[in-house]
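Spelled out, the chains give:
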Amino acid sequence: MARRPGTGYLGVVVRRGSTRGLDWRLGPAESGLLGHLAYSQRLTVRSRTERNWLGPSPSWAPQADLFSPRSSHSGGKLTLLCDAKTDGSFLVHHFLSFYLKANCKVCFVALIQSFSHYSIVGQKLGVSLTMARERGQLVFLEGLKSAVDVVFQAQKEPHPLQFLREANAGNLKPLFEFVREALKPIDSGEARWTYPVLLVDDLSVLLSLGMGAVAVLDFIHYCRATVCWELKGNMVVLVHDSGDAEDEENDILLNGLSHQSHLILRAEGLATGFCRDVHGQLRILWRRPSQPTVHRDQSFTYQYKIQDKSVSFFAKGMSPAVL
């Protein structure tokens, strides 16, 4: 299977320097900037009337009311990863290895690459996806392989990607049921995993497979109600920004997720084109809904260089090759 470009990396390194806000260093065995930002903010949910998102029967919907004012306690966080004119998969690999090292129960819906691809990169990051799957820590849905099975083989039981066989599939209920079953707590004497995590790479593929943006947003809505609020876990999803003004479905999906996310990491290619010493820039939008409007959001922009075993971040114009 062909690998996406720029995925041979290990930890994340932010170089120290005289520039403000760069007093961080991230290593493969440390919590890291990206992982810390993913769940270190508190969420306050505003009251809103919840509607039936997925069809006339709400019997499968989770019990947690995401928009209830009684749900003002802190729940899990949704992190949105976005890439535009570059490959942002290094962020996916970082979060996957980070949560596995943190002893979290991870449900990984991989729609863009095979298990072997993520496993090879995971070994460089110091984690074994094979061992994590064998001991039940990692539940991996291999979209590439599953899509072939669904299309060409009759399924005795509903498949998470069952919509591929249905001409007028209106929702992603089987996929949601798969996620809920994978992350549901197991009754045992002691807690085996710290908390559940849902990781999706990437949601844009669902649009390419024929699902509408509203159906994908409905799926995320119910996953948030289950994973973030009922189970107090986190979610990390990747969406590709094609930059095509005529791609309305992708714009609806990206804008809808942006309003729901607590942390947005947007990897962008350089406006000046390819550079050997700077591969792109990362925009970080850190949202704080519980804070007053003036102090609610914080935004940072750093440039980065992807190396074989690390990713270096630095302020604009502060590349070691320039200084």
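Values in this document were obtained by computation on a predicted structure and should not be read as measured data.

Rules and cut-offs
- Residues numbered from 1 in each chain as written.
- Predicted model: local features only at pLDDT ≥ 70, side-chain atom pairs only at ≥ 80, totals over all residues.
- Heavy atoms only, no water.
- Axes fitted to C-alpha atoms, helices over the stretch in contact; angles between N-to-C directions.
- Helix = DSSP H or I, 4+ residues; strand = E, 2+ residues; numbered from the N terminus.
- Parallel < 35°, antiparallel > 145°, perpendicular 65-115°, else oblique.
- Left-handed = near helix turned anticlockwise from the far one by under 90°.
- Contact = heavy atoms within 4.5 Å.
- Buried < 20%, exposed > 50% of the residue type's maximum accessible area, 1.4 Å probe, protein only.
- Pairing = 2+ DSSP bridges.
- pLDDT = per-residue confidence, 0-100.

### Some words on the packing of helix H8 (residues 213-230) against helix H9 (residues 248-260)
Then, number 1: Viewed as axis vectors pointing N to C, H8 and H9 meet at an angle of 20 degrees, and their least axial separation amounts to 9 Å. Overall, the two elements H8 and H9 adopt an arrangement that is roughly parallel. Crossing handedness for the pair H8 and H9: right-handed. Two secondary-structure elements touch here, H8 through Ala213, Val216, Leu217, Ile220 and Arg224 and H9 through Glu249, Ile252, Leu253, Gly256, Leu257 and Gln260.

### What to know about the pairing of strand E6 (residues 234-240)
Then, number 1: In terms of burial, E6 is a largely internal element, 6 of the 7 residues being buried.
Then, number 2: As paired elements, strand E2 (residues 78-84) and E6 share 6 bridges and run parallel to each other. In the strand pairing of E6, Thr79 is matched with Val236.
Then, number 3: Looking at chain direction, strand E5 (residues 196-201) and E6 are connected through 4 bridges and run parallel. Residue Leu198 lies in a different strand from E6, and its bridge partner there is Met235.

### Observations regarding the confidence of the model for the protein
Then, number 1: Of the residues in the protein, 71% have a pLDDT of 70 or more, and the chain-wide mean is 75.
Then, number 2: Note that pLDDT drops below 50 for residues 1-73; the model gives that stretch 193 contacts with residues more than four away or on any other chain.

### Regarding unusual backbone geometry
Then, number 1: In the segment running from Asp201 into Asp202, the intervening peptide bond is cis, with an omega of -15 degrees.
Then, number 2: Inspection of the secondary structure puts Asp202 in the loop between E5 and helix H7 (204-208).
Then, number 3: In the Ramachandran plot, Asn103 falls in the positive-phi region, its phi being about 65 degrees despite a non-glycine side chain.
Then, number 4: Within the secondary structure, Asn103 sits in the loop between helix H2 (89-101) and strand E3 (105-110).
Then, number 5: One non-glycine residue, Lys232, lies in positive phi territory at about 60 degrees.
Then, number 6: Considering the arrangement of structural elements, one finds Lys232 in the loop between H8 and E6.

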